[in-house]
Structures are given as structure tokens and as C-alpha cells.
Amino acid sequence: MKILHLDTNHPLLINQLNDLGFANHEDYTSSKETIEAKISEYDGFIIRSRFRIDKGFLDKATNLKFIGRVGAGLENIDCDYAEQKGIYLISAPEGNRNAVGEHSLAMLLSLFNKLNKADKEVRQGKWLREDNRGLELDGKTVGLVGYGNMGKAFAKKLRGFDVEVLCYDIKPHVGDENCKQVALEELQEKADVLSLHTPQTELTIDMVNSEFINGFKKPFWLINTARGKSVVTKDLVIALKSRKILGAGLDVLEYEKSSFENLFSSNMPEAFQYLIKSENVILSPHVAGWTIESKEKLAQTIVDKIKAKFC
């Protein structure tokens, strides 16, 4: 079987697939049109988020048996059409779930302890102890929307704290010893912290809007390491200004390009200008799942799933 690699990944991916007898070809720079012209030669391809895999692309991939996505989400692939054509879809949420769990916790603790604000002030020669008095996580209720690989990883990290962890998920019976599954209304009633761990779907795009935010009984903290388009940024800003949302840790933004490799190419949106000036907002460039360890684990997960299916 011939595999085309469209994004660079950990070397073990190609090395181990070579050892398994696959023929591996690499093309990290050609246009989508160029790739489409030769994709019929391949039994599988492996991609991160370089471009969207739509019906037109899939129609040209006449011999395709599988698509490997080195990451968790499959929103850049027309999954329904691929499955209609009998194409096996492989993702690797097991590979970076631990990294996402740790990053979510890091953002939350940084917000509670004003670490970004305090660090900046000390570097400027300011020693403002009372202004930087923090909060403790113990005694709080953490609500998770989405309780798959990423939500479970974050809940596991929270076991060392005296917190109540609740989750809401559209799938039934996903709660476990680390988290109690509840209705959305109960989560909104009790949560001091909301952390998103959902894929990008029609249900989750613009999910966190003013109506959703105002459904919470208490002011709360928001963590988003999932997908940027789940949060309406202008509504988030309104909530930050009114103190309905006390602070936000955002690893993802609705302004990201679908490749996740760039932010915006035109003028900076007004809502984003507010975020970058806010001392109670922490931003990172979609790297919650990007660690030295996860790069290797993501690649290994893809290899293992290809091996299990085709060897």
C-alpha cells in the first residue's frame, strides 16, 4: 500500500510504516490541486490540517482506503462522504489528551493566581502583592462541556484538588469516578469554572454565546482548549466587561484559519483587541495539545491504528 504524507510529523511515523512494508511518499509543499492530480495513486494519506478534504478531493482519490489525521478533530474532512465511499478515518485524540489536560489546568491556575499580570509587573519593577492576591481552586465546582478523551484527561488532573467536577455531554453514561454527568441546566447552576472539550460540529459552533453565558447562575471562569469557533468572541467580551465571566484562558480563537496555522490576515477584530489588553485573559496559539511528548504519541497512535486495521 502506498501512503502520501502531506504534513511533517514525528520521524517514527514514516520509519515504522516503512518497517511494516508500506511505501511512503512525502509532499509537504505542493498545492491542493497538484495533490488532487496524483492522489488516485495512493491507498492512504496522512495529514494534520493543511487543507480541507472535501467531496471534490475525495472523488479524485479513487483508490483511497484510509485517511490518517495526526490530531483529535476531523472537522476539515467531509467525514460523511468519506465514510460513504468506504474510507477508514483515523484520528489520534489518545495522543494529545494528556497535553490538553495539563494545559487546561495550567491556564486555570495561572488565571486564579494572576501569574501573567504579576510576571509582567515584576519585570517592570512593580511589587504589588495585594493587587495580585489569588484564588484557590479547592472548594470550587468545575464544569466540563464535552467528556471524551480531552475532558476525561482534564478531570483526571483535577483529582488532586478538593473540587466538584461535573460534565455535560450529548452522549449518555459518559461520567466516571472523576466526574459526574449532569444536565446542562445543573452544570450552569453550579459551575464556578467552565472548560470546553468539544469537537467542532454544527452543534458546537457559536455554542458559547450571550444566551448560553447568561444561563449560568454565578459568574464563572472560562477555559477553551477545544475549538475557537465554539465561542462568540464579541459575546465573551461583553461578559468579561460585565464580570459575568471573571476571566478566560483561550488556546483557540474563532479567528483562526481552518489550517490552525495562522490567525487573521486582515484587520485585527475589535473584540480581539480587547482580549489582548485584558489582564484577566490568557492566550496561547492553539498549542494545548502540542508538547514534545504528544508529537511522538500522536504519530505512534496513527501507526498503531493503521497496523491494527491493515496488517
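Details of the structure are given in the entry above.
Residues numbered from 1 in each chain as written. Predicted model: local features only at pLDDT ≥ 70, side-chain atom pairs only at ≥ 80, totals over all residues. Heavy atoms only, no water.

A. Structural detail: the overall build of the protein chain. Across its full length, the protein chain holds 12 helices and 12 strands. Relative to the 2.2 N^0.38 estimate, which gives 19 Å for 311 residues, the radius of gyration of the protein chain is 21 Å and therefore close to what a compact globule would have. Based on the C-alpha atoms only, the size of the protein chain along its principal axes is roughly 65 × 45 × 35 Å. Classification of the 311 residues of the protein chain by burial places 50% in the buried group. Taking the intrachain contacts of the protein chain between residues at least 6 apart in sequence as the baseline, contacts between residues at least 24 apart amount to 61%. Taken as a whole, the protein chain presents about 15,300 Å² of accessible surface, with 49% of it coming from carbon and sulfur. Computing the positive centroid from 42 side-chain charges and the negative centroid from 44, the protein chain places the two 2 Å apart. (Helix = DSSP H or I, 4+ residues; strand = E, 2+ residues; numbered from the N terminus. Rg over C-alpha atoms; globule rule 2.2 N^0.38 Å. Buried < 20%, exposed > 50% of the residue type's maximum accessible area, 1.4 Å probe, protein only. Contact = heavy atoms within 4.5 Å. Areas by Shrake-Rupley, 256 points an atom, 1.4 Å probe, with all protein chains shown as cover. Lys, Arg positive; Asp, Glu negative; His and termini not counted. Charge placed at Lys NZ, Arg CZ, Asp CG, Glu CD.)

B. Spotlight on the sheet that holds strand S12 (residues 281-283). Here seven strands make up an open sheet; going across it, the order is S8-S7-S6-S9-S10-S11-S12 and the pairing parallel. Either end of the sheet is taken by a strand with one partner, and the two such strands are strand S8 (180-181) and S12. With two bridges connecting them, strand S7 (residues 164-168) and S8 associate as parallel partners. Looking across to S8, one finds that Cys 167 is bridged to Gln 181. Packing against the sheet, helix H5 (residues 93-112) makes contact with strand S9 (193-196), strand S10 (220-224), strand S11 (245-250) and S12, and its axis sits at approximately 145 degrees to S10. The sheet strands contacting helix H7 (residues 149-157) are strand S6 (141-145), S7 and S9, and the helix crosses S6 at an angle near 165 degrees. (Pairing = 2+ DSSP bridges. Axes fitted to C-alpha atoms, helices over the stretch in contact; angles between N-to-C directions.)

C. Inspection of the packing of helix H10 (residues 233-242) against helix H11 (residues 270-277) at higher detail. Where H10 meets H11, the axes come as close as 9 Å, and the angle between the chain directions of the two elements is 45 degrees. Judged on the interaxial angle alone, H11 and H10 are oblique. Crossing of H10 against H11: the hand is left-handed. The residues of H11 that touch H10, namely those facing Thr 233, Lys 234, Leu 236, Val 237, Leu 240 and Lys 241, are Ala 271, Tyr 274 and Leu 275. (Parallel < 35°, antiparallel > 145°, perpendicular 65-115°, else oblique. Left-handed = near helix turned anticlockwise from the far one by under 90°.)

D. Just the side chain of Gln 188, in detail. Mapped onto the fold, Gln 188 is located in helix H8 (residues 184-190). For Gln 188, a relative accessible area of 10% gives the class buried. Sequence-distant contacts of Gln 188, that is, excluding residues within four places in its chain, are made with Phe 212, Gly 215, Phe 216 and Lys 217.

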